[in-house]
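Chain by chain, the residues:
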Amino acid sequence: MVRESVDLDRAHAARVGALIRALAEGTGERCLSEYSFTNLWLFRREHQYRFTDGPWPYISGLTYDGAHHAMPLFSLDKAPASVIDDLLRRHDCLYPVPLAQAQRLDAARYLHSASRDDADYLYPADHFRFYRGELLNKKRNLMKQLLKAHSVVAEPYGPDWHARALAVLDGWMADKGKPAGSADERPCRDALADARALGLEGFGYTVDGEPAGFVLAEPLQPGVYAMRFAKSLHRFKGLAQYMFHHFCTARPEVRWLNFEQDLGLPNFRQTKQSYQPEALLDKCRLRGRD
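Note that this is a predicted model, so its numbers are computed, not measured.

Cut-offs and rules
Residues numbered from 1 in each chain as written. Predicted model: local features only at pLDDT ≥ 70, side-chain atom pairs only at ≥ 80, totals over all residues. Heavy atoms only, no water. Helix = DSSP H or I, 4+ residues; strand = E, 2+ residues; numbered from the N terminus. Buried < 20%, exposed > 50% of the residue type's maximum accessible area, 1.4 Å probe, protein only. Areas by Shrake-Rupley, 256 points an atom, 1.4 Å probe, with all protein chains shown as cover. Lys, Arg positive; Asp, Glu negative; His and termini not counted. Charge placed at Lys NZ, Arg CZ, Asp CG, Glu CD. 1 Å grid on protein atoms, 1.4 Å probe; cavity = no way out; pocket = protein on both sides within 12 Å on 5 of 7 lines; lining within 4 Å. Points joined across faces, edges and corners; volume = space filled by probe spheres on them. Contact = heavy atoms within 4.5 Å. Core = buried A, V, L, I, M, F, W, Y, C linked by side-chain atoms within 4.5 Å. Salt bridge = Lys/Arg side-chain N within 4 Å of Asp/Glu carboxyl O. Pairing = 2+ DSSP bridges. Axes fitted to C-alpha atoms, helices over the stretch in contact; angles between N-to-C directions. Parallel < 35°, antiparallel > 145°, perpendicular 65-115°, else oblique. Left-handed = near helix turned anticlockwise from the far one by under 90°.

### Re the overall build of the protein
- A tally of regular secondary structure across the protein gives 11 helices and 14 strands.
- A principal-axis box enclosing the C-alpha atoms of the protein has dimensions of 65 × 40 × 35 Å.
- Residues counted as buried form 51% of the 290 residues belonging to the protein.
- By element, 51% of the accessible surface of the protein is carried by carbon and sulfur atoms, the whole surface being about 13700 Å².
- On the protein, the mean spot of the 39 positive side-chain charges and the mean spot of the 37 negative ones are 3 Å from each other.

Here it is in structure tokens:
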């Protein structure tokens, strides 16, 4: 029997959140950035996410490249093959599946593959606290030049920063030449409007008294944070580097930052690579071999 699926809604937060926490338990810094109700809800429109509950619950939607996928909210290696096969009959693939879990399945029955475009970028927080070494020296210098030339003030993000953050977002969209509603503008606006309830933590930054940047991050596992949104005005060189540095310095419990995927966009990839990731976390697509 095909179970009923419904549009993902904030009313599903407790149920889906509990399932994801159980699924991600013990994954540490290798927890995938999608393992979060907040992230799923914020990008519900872009991916057309729907929730199907039951003994073997899952989220269904569209990947960025248009594949109709199911995200199991249970460990695949604990499910009967008939459950997996049924999901695969009704979807193009199962995604995202952690590589370690995919490797535990019957290789004669299932095929897994991973795209570089989907992989999460994982960094030790100390990369941003200290910008040590020749490869990160440019980041440190940009930050020092900013602080020498300007007065930069950081404040914990809260409702009093909402209007200022929206102004920064508008400025960032203009800097990037993005039309309204493109990039991650709509999810970012949702996040700024209700950050605390969504479990997002961060800071707003003013430069010489002008709102100029903000970061919002989400804890995935103890000491592991996904950097969900980081926006800064282009004319303040070094501000992005300072925001990452400040976030990690102000939060000593942060051991790892996950910068999510680069979507195969060259500029995005170059920027994320320049911070010297410790690892790229594969997100597999699982298909049947038939």
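### Observations regarding empty space enclosed by the protein
- For the structure on display, the rule yields 1 cavity of 30 Å³ or more.
- Considering only enclosed or pocket space, the largest cavity measures out at about 30 Å³ in volume.
- Every residue along the wall of the largest cavity is listed here: L23, Y35, P72, F74, L76, P96, V97, P98 and Q101.
- Considering each element in turn, the lining of the largest cavity owes the most residues, 3 residues, to strand 5 (residues 93–98).

### A closer look at the side chain of T63
- Mapped onto the fold, T63 is located in the loop between strand 3 (58–62) and strand 4 (68–72).
- Every residue in contact with T63, bar those within four places of it in the chain, is listed here: H47, H69, Y95 and R285.

### Structural notes on the nonpolar core
- If you look at the biggest cluster of nonpolar residues, it comprises 72 residues, and the most contacted ones within it are F128, L192, L239, F247 and L257.
- With residues up to four places along the chain from it excluded, the contact list for F247 reads E201, G202, F203, Y205, V215, A217, Y225, M227, V254 and L257.
- Membership of the second largest hydrophobic core comes to 16 residues, among which are A70, F74, L76 and V83.

### Observations regarding the pattern of salt bridges
- On inspection of all chains with the given rule, the structure shows 28 salt bridges.
- We note a salt bridge from R44 to D190, for which the minimum N-O separation is 3.4 Å. Taken together, the residues R44 in helix 3 (residues 44–47) and D190 in helix 9 (residues 185–193) connect sequence positions 146 residues apart.
- Since its relative accessible area comes to 18%, R44 is described here as buried.

### Focus: the sheet that holds strand 10 (residues 210–221)
- Pairing is mixed in the open sheet, where 7 strands are placed in the order 8-9-10-11-12-7-13. Edge positions in the sheet fall to strand 8 (152–156) and strand 13 (279–281), since each of these pairs with one other strand and no more. On average, each strand axis in the sheet is inclined to that of its neighbour by 30°, with strand direction left out of account.
- Bridging between strand 10 and strand 11 (residues 224–232) involves 8 bridges; their strand directions are antiparallel. Each bridged residue has a counterpart across the sheet, and for P219 the counterpart in strand 11 is Y225.
- Strands strand 8, strand 9 (201–207), strand 10, strand 11 and strand 12 (256–258) of the sheet are contacted by helix 10 (residues 239–250), whose axis makes an angle of about 135° with strand 9.

### Looking at the packing of helix 8 (residues 162–176) against helix 9
- Two elements in contact, helix 8 and helix 9, have axes whose closest approach is 10 Å; the angle formed by their N-to-C orientations is 165°. Here helix 8 is positioned roughly antiparallel relative to helix 9, judged by the angle of their axes. Helix 8 and helix 9 meet at a crossing whose hand is right-handed. Listed contacts from helix 9 to H162, A165, L166, L169, D170 and M173 of helix 8 are E185, C188, R189, L192 and A193.

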